[in-house]
Amino acid sequence: MGSIHKFFLNDKYIVLDIASGSVHVVDEIIYDLIGDFLSLDESELYKKYALKYDYESIREAISEINALKEDEVLFTEDKRLFKPIYNPDNIVKAMCLHVAHDCNLRCKYCFASQGDFNGKRLLMDEETGKKALDFILKNSGNRKNLEVDFFGGEPLMNFELVKKLVDYGRNEEKKYNKHFRFTITTNGVLLRDDVIDYINENMDNVVLSLDGRKCVNDYMRPTISKKGSYDIIVPKFKKLVDKRGDKDYYIRGTFTNENLDFSQDLMEYYNLGFKKTSIEPVVTDEKEEYAIREEHLEKILNEYEKMSKDYIEIRKKDPDFKFFHFMIDLTQGPCIIKRTVGCGAGSEYVAVTPEGDIYPCHQFVGEEQFKLGNVDEGILNTELRDNFKCSNVFTKEDCYECWARYYCSGGCHANAYYANNDLKKPYKIGCEMEKKRIECAISILANE
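Within every chain, residues take consecutive numbers counted from 1 along the sequence as written. Totals for whole chains, interfaces and linings use all residues, but because this is a predicted model, local features are given only for residues with pLDDT of at least 70 and pairs of side-chain atoms are given and counted only at 80 or more. Side-chain figures throughout are based on the complete set of non-hydrogen atoms in the structure, without hydrogens or water.

## A short note on unusual backbone geometry
Right, so step 1: Gly153 follows Gly152 through a cis peptide bond whose omega is 20°.
Right, so step 2: Only DSSP runs of H or I with at least four residues qualify as helices, and only runs of E with at least two residues qualify as strands; both kinds are numbered from the N terminus onward. Of note, Gly153 is situated in the loop between strand 7 (145–151) and helix 5 (159–176).
Right, so step 3: Phi angles above zero are rare outside glycine, and Lys226 is one such case at about 70°.
Right, so step 4: Of note, Lys226 is situated in the loop between helix 7 (214–220) and helix 8 (230–244).
Right, so step 5: Phi is positive for Asn421, close to 60°, though the residue is something other than glycine.
Right, so step 6: You can see Asn421 is positioned in the loop between helix 15 (413–420) and helix 16 (428–447).
Right, so step 7: For Asn421, a relative accessible area of 57% gives the class exposed. Remark: exposure states derive from per-residue accessible area (1.4 Å probe, protein chains only) relative to the maximum for the residue type, with buried under 20%, exposed over 50%, and partly exposed in between.

Here's what the structure looks like:
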C-alpha cells in the first residue's frame, strides 16, 4: 500500500498522496484518521477516536477515506519505482555561457571566488562564444527552444560580446529551425539606460542579484572598494523593471546565517515594488563563517513558515507578487522522467567557460575533475556525463523513501557534491529546507 505525507500549516490540514501527487485539504477528523487508517481496523478507529468525535462523524470520515482510496488518489501504490531511460540521445537544451570570469563586486559568499572561479580573470572572446552557440545548435536534436544564460562573474563586463552573440544566435537559429531564449544574470552595477533598453528588448528573462535589505546586501555584496552596492543598483533595477513591461525577470537574493530573518528581505522586495522574487540559501563549505549549519535549521524552517504567512497576506492585496519557491505545480507535469532527474545538469544543461571548457553547471566550473569537454571537440568525458544522468531519485538511497521525491527531483547535484563529496548523497540540510518550502507552497495554494 502506498504512502502519504500529512501536515498542518497556515490553518489547513493537508494530506499528500506521494505516488499519485494528489493533494487533499481535509477536515481535522479525516486528518486524524488517515494517520491510523492502515494500521487500525474500523473498530479500533472508533475506539481510539470515540472521545474526540461522535460515531456518525467517524463513520462518514472512514467512508470518505475509502472512496479516495478506491479512486486511486490516496494510499496509491508507487508504480513508478523503476529506473527510466533519461535523455538517451544526449540532447543539450540549455547552456550557462560564462562570458566573463571577472566581477566588479566582491561578494563574501561567492562560489566563483569573486568572479574568477579560482583561475585567471578572463573575458570570453567572440570565436569561443560563437562555437558555444554552435555546440548547442548541433547537439539539441529535435528540440526547438534553446535556453542560453549570459553569466559571469559579471556578464555586463563583456557586454559588447553579449550583443554580438545575440545577433549571431538570431542569424544561426534560422538555419537549424531553432529559437534561442536568452537570459542575462547581472549584479546591476554597469546598467545604463542603453544597456537596460537592450536587455529589455533582447532578453527573454533577466536575473537581478540583490540580497534584500540594504544592511544585508551591503554586508555581503560590497564593491571592489569595499563600499555597499545597494544604493548603486536598486535605482537601476527599478528602472529596468519599470520599463520591462510584462516580460520575465527575477530579483534573486542569497541568505546566509547572517540573515536568518530572511522573510524581512522578501518584504523589502515587495516594498521596493519588485513582483518576481527568489531568495536562495548559500551553498558553501560549513567551515565558512557565514555558512548554514544544522544548528541554524530550526530557525530557517520557522522563517519559511513565517514567510508563507506574510506571502498569503501580500497576495491578497497583490496577486501578481511571486516567490519562486512558493510556486508549485500540483499536476507535476506530464513527464515522470523530469520529475525524477531534476535540472538535467551535466546532460541536458551545461556551462561553458571563457576558454570554451564545458562543465555540468556553473557550480562545478573550476573543478577540473568535472570538465566534460570543450566547444571544439564536444563532450569527451562521457563517463562523467553518464554519472550525472544516473543521479536521480531512483539511484539516491536517501530519496527512495522520501515523501518529497517527486517535487525536489533529488536535489541539487552541486549541493550533494560539496556537502558529501558524492553526487548520489543529498545535502541533508538542503533536503529539510526543500521539504518545508514544498509544505509552505501547498498550504499557500490551499489558502488561495
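## Re the packing of aromatic side chains
Right, so step 1: Here a pair means two rings of Phe, Tyr or Trp (six-membered ring of Trp) with centres within 6.5 Å. Their orientation is stacked below 30 degrees between planes, edge-to-face above 60, and tilted elsewhere. In the structure shown here, the tally under the stated rule is 23 aromatic pairs.
Right, so step 2: A ring pair is formed by Tyr49 and Tyr53, whose centres lie 6.3 Å apart and whose planes are at 40°; its orientation type is tilted.
Right, so step 3: The class of Tyr49 is buried, set by a relative accessible area of 9%.
Right, so step 4: With a centroid separation of 5.3 Å and an interplanar angle of 20°, the aromatic rings of Phe180 and Phe182 are classed as stacked.
Right, so step 5: Looking at Phe182, the relative accessible area reads 0%, which means it is buried.
Right, so step 6: Clustering of aromatic rings is evident, with ring pairs tying together Tyr270, Tyr311, Phe321, Phe323 and Phe326.

## Things to note about the confidence of the model for the chain
Right, so step 1: Residue-level confidence of the predictor is what pLDDT reports, using numbers from 0 through 100. Scored by pLDDT, the chain comes out at a mean of 91, with 94% of its residues at no less than 70.
Right, so step 2: Confidence drops under pLDDT 50 across residues 333–338; counting only partners more than four residues distant or on other chains, this segment forms 12 contacts. Contact criterion: two residues are considered in contact whenever any of their non-hydrogen atoms come within 4.5 Å of each other.

## Here we look at the pattern of salt bridges
Right, so step 1: Only one rule defines a salt bridge in this text: a Lys or Arg side-chain nitrogen within 4 Å of an Asp or Glu carboxyl oxygen. Counted under the stated rule, the structure contains 36 salt bridges.
Right, so step 2: Notably, a salt bridge pairs Asp78 with Arg405, separated by 2.7 Å at the nearest N-O pair. Of this pair, Asp78 sits in the loop between helix 3 (55–70) and strand 4 (94–98) while Arg405 sits in helix 14 (residues 405–408); the two residues are 327 residues apart in sequence, bridging distant segments of the chain. An identical accessibility class is assigned to Asp78 and Arg405; each is buried.
Right, so step 3: As a salt-bridge pair, Lys371 and Asp357 come within 3.5 Å of each other at their nearest N and O atoms. Here Lys371, found in the loop between strand 14 (357–359) and strand 15 (373–374), pairs with Asp357, found in strand 14; they are 14 residues apart in sequence, far enough to count as distant.
Right, so step 4: Look at Lys371 and you get partly exposed, because its relative accessible area is 26%.

## Some remarks on the sheet that holds strand 2 (residues 12–17)
Right, so step 1: Two strands qualify as a pair provided that DSSP identifies no fewer than 2 bridges between them. Pairing within the open sheet is antiparallel, and its three strands lie in the order 1-2-3. The outermost strands of the open sheet, each flanked by one partner alone, are strand 1 (4–9) and strand 3 (23–26). On average, each strand axis in the sheet is tilted by 20° relative to the strand beside it, whichever way the strands run.
Right, so step 2: Two elements, strand 1 and strand 2, share six bridges in a ladder whose sense is antiparallel. Axes here refer to lines fitted to C-alpha atoms; in helices the fit is confined to the stretch in contact. Angles between the N-to-C directions go from 0 to 180 degrees.

## Describing the packing of helix 1 (residues 28–36) against helix 3
Right, so step 1: Orientation of helix 1 relative to helix 3, taken along the N-to-C sense of each, is 65°, at an axis distance of 10 Å. With respect to helix 3, the element helix 1 is oriented roughly perpendicular. Crossing geometry of helix 1 relative to helix 3 is assigned as right-handed. Contacts between helix 1 and helix 3 involve Ile29, Ile30, Leu33 and Ile34 from the former and Ser57, Ile58, Ala61, Ile62, Glu64 and Ile65 from the latter.
Right, so step 2: When the residues that make up the contact of helix 1 with helix 3 are grouped by side-chain class, the tally is eight nonpolar, one polar and one charged. Between 65 and 115 degrees an angle is taken as roughly perpendicular, under 35 as roughly parallel, over 145 as roughly antiparallel, and anywhere else as oblique. Two helices that cross are described as forming a left-handed crossing if the nearer one is turned anticlockwise from the farther one by less than a right angle, and a right-handed crossing if clockwise. Asp, Glu, Lys and Arg are counted as charged, while Ala, Val, Leu, Ile, Met, Phe, Trp, Tyr, Cys and Pro are counted as nonpolar; the rest, among them Gly, fall into the polar class.

## Description of the sheet that holds strand 4
Think of a sheet as strands paired side by side through backbone hydrogen bonds, with each pair either parallel or antiparallel.
Right, so step 1: With mixed pairing, 11 strands are arranged side by side in an open sheet as 12-11-10-9-8-7-4-13-14-15-16. The strands lining the two open edges of the sheet, one partner per strand, are strand 12 (322–323) and strand 16 (378–379).
Right, so step 2: Here strand 11 (residues 276–281) pairs with strand 12 via two bridges, running parallel. Looking at strand 12, one finds that Lys276 is bridged to Lys322.
Right, so step 3: Sheet contacts for helix 4 (residues 126–138): strand 4, strand 7, strand 8 (179–186), strand 13 (349–352), strand 14 and strand 16; angle to strand 4, the most-contacted strand, approximately 175°.

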